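Inside the fold
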Amino acid sequence: MNYLYFKLSFVLHAFYLHLFKQLNLMYWSIQKYTQHLHKSMSMISEKRIAIQFLLVVLVCVFVSGDAKVRCIEREREALLSFKNGVFDYYGYLSSWRSIECCRWYGVWCSNTTGHVIALQLNIRLEGEVGSSLLELHHLNYLDLSWNDFGGNPFPDFIGSMKQLQQLFLRGCNFSGIVPPQLENLTNLQSLDLSQNNFEGPIPEFFCSMKQLQQLFLRASKFTGIVPPQLGNLTNLRVLDLSYNSLRIKNLDWLSSLSLMYNLGLSQIDLSHTNWLPQILSLRFLYGLQLDSCNISTTIVEPTVNSSTSLSLLELDDNQLTPSSFHWLSNISTTLVGIDLSHNALGGPIPDAFIEKLVLVETLGLASNKFEGQIPKSLFNLSHLRTLVLYENDLRGNTDELFGNTSGKGILESLQILDLARNKLNGPVPDLRAFSALTEVYFGGNNLTGSIPLSIGQLSELRVLDLSTNLLEGVVSESHLIKLNKLKKLDLSFNSLILHFGPDWSPAFQLDAILLAGCNVGPSFPKWIQTQRSFTTLDISRANITDEIPAWLWNVSPSLANLYLSDNQITGIIPNLSSIPITVIDLSNNRLSGSIPLFYAYVELVQLSGNMLSGSISSICSVFYGRFWILDLSNNQLAGEIPNCWEQLPNLFSLSLANNRLWGEIPSSLGHLHDLAALQLRGNSLSGEFPSALRSCHNMQLVDVAENELTGDIPSWFGEMYKMTFLNLGTNKLHGSIPDEICNYTSIRIIDLSKNILSGKLPDCFNNFTSMAQNSTPADLVRLGYVYSFTYSPPLPNQNFKRYFGYSLFTWKEQESEYRKNLIFLKLIDLSSNRLSGNIPKSFSSMKGLVSLNLSSNSFTGSIIPDIGEMEMLECLDLSKNQLFGKIPSSLAHLKYLDFLDLSNNNLSGEIPTSTQLQSFNASAYAGNDGLCGPPLALCPKDILKPPTTLPKKDISLSFMQEVGVSMALGFICGFWGVLGTFVLKKTWRIAFFNFFDAIGDWFYVRIAIFASKLRRS
């Protein structure tokens, strides 16, 4: 979540400050509106802010007086003492050296007395708040927001600064409880403790601070019940309790807060309260934030008197359904901004609701279930500046929607248009009628054709997102000719050819260049060299076959995210220790050389699929406190894995797979308590698992297959309760499978194949609850790492997905690589070991298992009779064991079974009859002397059974034989059927021959007459 607060940037003398707050408080604290919306709310209030700013400047002019007055020496020393207790990373306090402390950064003094009256330092200081501030006896405004005080307790000496009227300590990383000494601040009018790490409930003494007009406690980890005594704060104008772990009994206490102007209760469950009439009874209420409050349609009253002042309404991330539009229409006529995103609203967007939004400037309906056409009534909203409809099921042709835009409303005012991730078709529309557009999002639709030249005429455009469509054709300089203000260009994943002249120097300076999947190559685009301030560059999968240019690393000092994967780029990666790139993906290219040094604050590095060589010991040279993902797989790296992983304490995923590494698994990996994925497969690692790994309790994926590891599978593996994917195949592990694997309730893949494991299987597979489910859990997102890029100011819809989870598994006798689809596979492979005993009956509880391979072991007993309950099974291999008995009839119920191998056992009896079991080749049942029935030879009981009908006896005739038999039968029936009748019945014989005599006479007469006529002529 992003938060937007409008706060004064000047601090005045106490009297003027107090007067200013009384007159302008109503315009002082409108906060957060998510993504596009919070940005738009700033547009809504920009006129009010401008008025405030003018008032502040005028008051400052009146109180400035004589600038010769110097600060008090005692207070100067107090400020210097405060400075000595903090670390100024950015050097803002370098001005704190001169004698005149009233001119220091962040310090304001009274021009009549010289006393320090205000201190505002939002500059990311580190350290602790020094008690020397107590010497500032006239300080009435203290703002230390956005500094990091290291999780220290809230400084209780602040409770002695009784003259304070304004206290802002937002985002200061304080912890513990709020000290009761704060109750002494009886003059406090504004208190902001948001975004800290406090413990316990909201202190009740807040409710006795009768002068409070603004109370911000957002996202500070308060718990418990919201104290109803807050209703005692009758002067309260602004209250924000959002994003804590709070509960609320009722909202009756709100009726006492008659001056309430802005109320934030986001993420507090209001489902059991009658919230709507109680909140809307606040007649001065201007802004209301109720996102994530579990609000549904059923508990609200559809008929309620609307507050005449409500202008900003946030109800996103709730459970509202289409029936909510009835009561929303009753309160919508005064709304300037409304966000209903992330609800369950569906069907067509109702015209009746849209028509009521006569004043609306910002409308958010994203991430719902709307379908059908985008209503034309939206074009009548003359004040609309921001329209956000992304992630719905809206359809329609863009030509029909934008082709006949007439009128003046939306055409003059619309600035942000987001229709991304719908099902729109047609060409990219001509948007020149929307002359004020600054941001356009059409990504994730089905747009076709080429990009029109008219897009280059939108001179105010800052963001253009046409990604993930079906666009094609050439993009040239002409398409971008007048986009001088463009900051973000996203044409990713289209079939576009970017053809720019070698000397082209665009007029814009981009912050984000996103051209993945376009045809940018074969050369590295030179025009990027003209861009000096971009933070993100993505030209992956862009058909580049060039050498990586030396200028790339220094062209933009702001470059933080670099994606060049899946090209044919060559060259060597330079030393990056002084280049502040925090996310770098150069995977699947042809880069060579050694692993470079990285920036100390790097977060993600993906260099897999290159030709990098040498050691990886350089990783030990720097402490990487923020390193999260490191992928060096599929290279030519050699040597031992260094034992220095404490240098990367926050590592989440490590992949060194498919290199030439040898030696033992280093014990220092045990320092990585957040490690969730460890991939070391395809090397020559030896030795046993280091016991230090038992500290990695967050491990979810372990793939060390195809090495030379020895020893037992440690029992402490069972302490990794989150384990989801375990691949230890093709090693030299011995001993039995530990009973502790029964703890793997989330396991989806176990591959222990091709080892020397022995003993019986633990009969606890019913504990594998994830295997018992037929679907993929929605919360299984850790497998695929999703890196979200957020443009500043925040823009939505830009996600770079980079999956770290992948592995190789034997599937239907073929080794396959699984990456992002790994989450859909549920597999157990224990093949090629020395396991014995019966197949555990608990296997049948794994209804969601897709593949089971127990081949090449020494299992005995019969196949479990309930195997048919494993209803999702597609692959079953029990070959090369010592199983006996009949094939269970329930096996015929596996409708998805696509691969079956029961060969080389001691099975007997008839193969159950089903469409699938008879469709497998006879080799699937070979080597079982007692088996019979199709597709094998018939069982003896079928051979000895007497034939009942002739067709069954002739069932094996060929086609030609069948034709011959049919002709013989036809001849017999036809010939002897007629002739036999004449032989047996005399009267029929006489009649038959008389008929032929009559016919003969008739022909004779006719021929004679014809011949006579011919002679006469």
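Here we summarise the structure given alongside this text. Here the residue index of a chain counts from 1 through its sequence in written order. Predicted model: local features are reported for residues with pLDDT of at least 70 only, side-chain atom pairs are reported and counted for 80 or more only, and whole-chain, interface and lining totals are derived from all residues. Think of the side-chain values as coming from all heavy atoms in the structure, minus any hydrogens and water.

Regarding the overall build of the chain
The secondary structure content of the chain amounts to 13 helices and 63 strands. The contact criterion used throughout is that any non-hydrogen atoms of two residues lie within 4.5 Å. For the chain, restricting intrachain contacts to residue pairs at least 6 apart in sequence, the fraction spanning at least 24 positions comes to 56%. For the chain, the computed accessible surface area is about 43400 Å², with 54% contributed by carbon and sulfur atoms. A run of DSSP states H or I qualifies as a helix once it reaches four residues; a run of E qualifies as a strand once it reaches two. Both are numbered from the N-terminal end. To be clear on the numbers: accessible area is Shrake-Rupley with a 1.4 Å probe, and residue cover counts the displayed protein chains and nothing else.

Concerning unusual backbone geometry
Most of the time, phi is negative for any residue but glycine, and the peptide bond is trans. The step from G521 to P522 runs through a cis peptide bond, and the omega angle for that step is 10°. The residue P522 is located in the loop between β31 (512-514) and β32 (536-538) in this model. The peptide bond linking P934 to P935 adopts the cis configuration, its omega dihedral lying at 10°. Along the chain, the position of P935 falls in the loop between β63 (930-932) and α10 (940-944). Located in the positive-phi region is S367, a residue other than glycine, with phi close to 55°. Relative to the elements of secondary structure, S367 occurs in the loop between β19 (362-364) and β20 (369-372).

Notes on a negative patch on the surface
Like-charged residues within 9 Å of one another, or nonpolar side chains (Val, Leu, Ile, Met, Phe, Trp, Tyr) within 5 Å, are grouped into patches, provided each residue has over 30% relative accessible area and no salt bridge. What counts as a salt bridge is simple: a side-chain nitrogen of Lys or Arg found within 4 Å of a carboxyl oxygen of Asp or Glu. Neither His nor the chain termini are counted; the positive set is Lys and Arg, and the negative set is Asp and Glu. All charge positions are set by atom: Lys at NZ, Arg at CZ, Asp at CG, Glu at CD. Taken together, the side chains of E640, E664, E688 and D712 make up a negatively charged region of the molecular surface. Following the sequence through the fold, E688 ends up in the loop between β44 (684-687) and β45 (701-703). When accessible area is computed with a 1.4 Å probe and restricted to protein chains, residues below 20% of their type maximum are described as buried, those above 50% as exposed, and intermediate ones as partly exposed. Looking at E688, the relative accessible area reads 54%, which means it is exposed.

Notes on the sheet that holds β63
The sheet built from 3 strands is open, its strands ordered β60-β62-β63 with parallel pairing. Pairing within the sheet leaves two strands with one partner each, and these edge strands are β60 (884-885) and β63. We call two strands paired when DSSP finds no fewer than two bridges between them. Here β60 pairs with strand β62 (residues 906-910) via 2 bridges, running parallel. Residue G885 lies in a different strand from β62, and its bridge partner there is L907.

Some remarks on a nonpolar patch on the surface
A surface patch of nonpolar side chains, amounting to about 850 Å² of accessible area, comprises F992, F993, F995, F996, I999, W1002, F1003 and I1007. Looking at where I999 falls in the secondary structure, it is placed in helix α13 (residues 986-1016).

Quick word on the packing of aromatic side chains
Stacked, tilted and edge-to-face are the three classes assigned to paired rings of Phe, Tyr and Trp, where Trp is represented by its six-membered ring and a pair needs centres within 6.5 Å; plane angles under 30 degrees give stacked, over 60 edge-to-face, the rest tilted. Considering all chains together, one arrives at 32 aromatic pairs under this definition. Measuring from centroid to centroid gives 5.7 Å for F500 and W527, while their planes differ by 80°, and the two rings are edge-to-face. Taken as a pair, F500 in the loop between β30 (495-498) and β31 and W527 in the loop between β31 and β32 lie far apart in primary sequence, 27 residues in all. Residue F500 shares its accessibility class with W527, and that shared class is buried. With 5.3 Å between their ring centres and 80° between their planes, Y624 and F627 make a pair best called edge-to-face. Comparing Y624 with F627 shows no difference in burial state: the two are buried. Through successive ring pairs, a cluster of aromatic residues spans F87, Y89, Y90, Y92 and Y105.

Digging into the sheet that holds strand β48 (residues 734-735)
In spatial order, the strands read β48-β50-β56-β58; together these 4 strands make up an open sheet with parallel pairing. Looking at the sheet topology across the chains shown, the edges are occupied by β48 and β58 (858-860). As paired strands, β48 and strand β50 (residues 756-760) are joined by 2 bridges and run parallel to one another. The partner of H734 across the bridge, within β50, is I756.

A closer look at the state of the cysteines
What counts as a disulfide here is a pair of cysteine sulfur atoms lying within 2.5 Å. Summed over the entire model, instances satisfying the criterion amount to 5 disulfides. Disulfide partner of C102: C109, at an S-S distance of 2.1 Å. Between C102 and C109 the disulfide shows an S-S torsion of about -100°. By sign, it is left-handed. Put simply, C742 and C764 are joined by a disulfide, and their sulfur atoms are 1.9 Å apart. The disulfide joining C742 to C764 has a torsion of about -80° about its S-S bond and is therefore left-handed. Linking C742 in the loop between β48 and β49 (749-751) with C764 in the loop between β50 and β51 (786-788), this pair joins segments that are 22 residues apart in sequence. Accessibility classification places C742 together with C764 in one group, the buried group.

Without other data, these values stay purely geometric and don't point to any function.
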